[in-house]
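Now for the letters of each chain:
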Amino acid sequence: MRVIASSIRKGNIIEQDGKLYVVLSAENIHPGKGTPVSQIEMRRISDGVKISERYKTTDQVERAHVEDHDFNFLYADDDGFHFMNNESYEQLMVPKDVVGTSAPYLSENLTVKLAIHEGVAVAITLPQRITLEVVETEPVTKGQTASSSYKPAVLSNGVRSAVPPHIGVGTRIVVMTEDGSYVERAKD
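Residues numbered from 1 in each chain as written. Predicted model: local features only at pLDDT ≥ 70, side-chain atom pairs only at ≥ 80, totals over all residues. Heavy atoms only, no water.

A word on the UniProt feature "domain: Translation elongation factor P/YeiP central" (unreviewed entry) in the protein
The UniProt entry lists residues 68-122 under the feature "domain: Translation elongation factor P/YeiP central" (unreviewed entry), expressed in the numbering used here. Taken end to end, residues 68-122 has its terminal C-alpha atoms 10 Å apart, with 7% of it in helix and 51% in strand. (UniProt positions renumbered as here; feature names shortened; annotations may be inferred. Helix = DSSP H or I, 4+ residues; strand = E, 2+ residues; numbered from the N terminus.)

Focus on the pattern of salt bridges
For the structure shown, the criterion picks out three salt bridges. For Lys113, the salt bridge goes to Asp70, with nearest N and O atoms at 2.9 Å. Taken together, the positions of Lys113 in strand β10 (residues 111-117) and Asp70 in strand β7 (residues 67-76) put the pair 43 residues apart, joining distant regions of the chain. We classify Lys113 as partly exposed; its relative accessible area is 37%. For Asp70, a relative accessible area of 28% puts it in the partly exposed group. Glu184 serves as the salt-bridge partner of Lys187, at 3.0 Å between the closest nitrogen and oxygen. According to the relative accessible area criterion, Lys187 is exposed, its value standing at 73%. (Salt bridge = Lys/Arg side-chain N within 4 Å of Asp/Glu carboxyl O. Buried < 20%, exposed > 50% of the residue type's maximum accessible area, 1.4 Å probe, protein only.)

Some points on the environment of His117
Considering the arrangement of structural elements, one finds His117 in strand β10. Look at His117 and you get buried, because its relative accessible area is 14%. Those residues in contact with His117 that lie beyond four places of it in its chain are Leu20, Ala64, His65, Val66 and Val122. (Contact = heavy atoms within 4.5 Å.)

Remarks on the packing of aromatic side chains
Counting across every chain of the model gives three aromatic pairs. Considering the side-chain rings of Phe73 and Phe81, the 6.2 Å spacing of their centres and the 45° angle between planes classify their relative orientation as tilted. Taken together, the ring pairs in this structure connect Phe73, Phe81 and Phe83 into an aromatic cluster. (Phe/Tyr/Trp six-rings, centres within 6.5 Å; stacked < 30°, edge-to-face > 60°.)

Some points on the sheet that holds strand β4 (residues 37-44)
The antiparallel open sheet is built from six strands, whose spatial order is β1-β6-β2-β3-β4-β5. Of all the strands in the sheet, just β1 (2-4) and β5 (50-56) have a single pairing partner and so form its edges. Averaged over all neighbouring strand pairs, the angle between strand axes comes to 50°, with direction disregarded. Here strand β2 (residues 13-16) pairs with strand β6 (residues 60-63) via two bridges, running antiparallel. Within β6, the position partnered with Ile14 by the bridge is Arg63. (Pairing = 2+ DSSP bridges. Axes fitted to C-alpha atoms, helices over the stretch in contact; angles between N-to-C directions.)

Brief notes about the domain arrangement of the protein
Per the domain assignment, the segments of the protein are domain 1 (2-62), domain 2 (68-125) and domain 3 (129-185). Computed over C-alpha atoms only, the centres of domain 1 and domain 2 are separated by 24 Å. Across the boundary between the two partners, domain 1 contributes six residues, which contact five residues of domain 2. Carbon and sulfur atoms make up 65% of the surface buried where domain 1 meets domain 2, a total of about 460 Å² over both sides. (Domains from an automatic or database assignment. Buried area = accessible area lost by both parts, 1.4 Å probe.)

Written out as C-alpha cells, the structure is:
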C-alpha cells in the first residue's frame, strides 16, 4: 500500500528495495524557505541495521501489510520474550532486538500490541502509561510543596525517572512508557 511520506509514524513498517523496515522516528520538517521534508529513522528488520532517510513530504512510500494483535507478555528467557495471543492462545517468541528499549516495562500479563508480518513479530507497542512503584529516592522534605523541582527516583523495573518532592519510597506512580517520565500518583 503506497502512502505519502508525511503520514508515516513511529512503529509503522515500510518496504524499501524489497526489505522491511520498522520506523523508529518520523519528523516532518517545514523550513522557512524550500520544500517540506520527512526525516525518517528506521531499522531493517532482517539484520537490525539502522538507516535515516529524507523524503519530500509528498513522495510515495510503500507501507508493508502488517496485522496488529493484542498479546499478553508471559516471560523472558535467553531466547527472547514470550507472548500469548489473547484470542487464539497461540504463543509467539519475539527476539530481544525487536523488543529493544521496551523490555524494562514488560511485566507478567501486560497486554501489548505486536505487529505481525507473515507470522513474525516485527514491532511492539506498549500501553501509553504504566503504573510502577518507587523503590529508591531521596526522603520526603517536610514543608516542601509540589514545585517545579523534581528529584531522581528508581522505579520497580529499574528505570530511573524524576518525581515531585512529595513522592516517597513505596509510592505507586503512573509513568509514560515512551520516556519514563512521571505523570501522576497512581489512584489504586
